[in-house]
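If you want the building blocks of each chain, they are given just below.
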Amino acid sequence: MLFVKYLSFLICSSSTSASLTVREQADSRSVYVGNVDYGCASEIIKQHFMSCGKVIRVTIPANEFGLPKGCAYVEFDNIDAVPKALLLNESELHGRKIKVCAKRTNIPGMKKIRGRSTYVLRSRRPSAVYCRPGYGSAPRFGRSMRYRPY
Ligand SMILES: *[C@@H]1O[C@H](CO)[C@@H](O)[C@H](O)[C@H]1NC(C)=O
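Residues numbered from 1 in each chain as written. Predicted model: local features only at pLDDT ≥ 70, side-chain atom pairs only at ≥ 80, totals over all residues. Heavy atoms only, no water.

For the protein chain, the name recorded in an unreviewed UniProt entry is RRM domain-containing protein, with Pisum sativum as its organism.

Participant: Describe the site of the ligand, with residues and values.
Facilitator: The full set of residues close to the ligand is Asn89, Glu90 and Val100. In this structure, an oxygen atom belonging to the ligand sits 2.4 Å away from a side-chain N or O atom of Asn89. Glu90 has a polar side-chain atom sitting 2.8 Å from an oxygen atom of the ligand. With the chains in place, 40% of the 360 Å² that the ligand exposes on its own is no longer accessible. (Near = heavy atom within 4 Å. Polar contact = N/O pair within 3.5 Å; in protein donor to acceptor, adjacent residues only side chain to side chain. Areas by Shrake-Rupley, 256 points an atom, 1.4 Å probe, with all protein chains shown as cover.)

Participant: Give me the lowdown on the side chain of Ser91, citing residues and values where you can.
Facilitator: Structurally, the position occupied by Ser91 is in the loop between α4 (81-86) and β4 (92-93). Those residues within four positions of Ser91 in sequence are excluded, and the remaining contacts are His48, Arg96, Lys97 and Ile98. (Helix = DSSP H or I, 4+ residues; strand = E, 2+ residues; numbered from the N terminus. Contact = heavy atoms within 4.5 Å.)

Here you go:
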């Protein structure tokens, strides 16, 4: 029992918690909602998506005049709610047909793999530079040999 618990902790920490930041995890649980009516309160949006899963927060971005941009982000407490929310694409909300897309478009872990490969390239270069002064110091060593009999 304890072993199984430990194993699941290992799987969880290596595949999700360790490789994704808090922000990325929140994005993976969020959907973008477009064509939202300006008069549509966040509470109405929340109720519209409540059938998909528990809504943690509704964010309505505003323009420079503080007016809603006509879109919203809905964050769920579970990633399983996202495919259900996508089914509400083109559903009617406050008299408008809304657009629903997943907020996160890139594959989790891609950034980390890219970062690792650049690290490998970087670590090779300094070692190549480090080798050259070794050859350059050889004549200096010969000079000191010349002075030794004196
Ligand atoms: C939502 O519907 C629009 C219009 O039909 C479509 O172009 C878009 O691909 C759909 N998006 C998703 C995530 O299904």
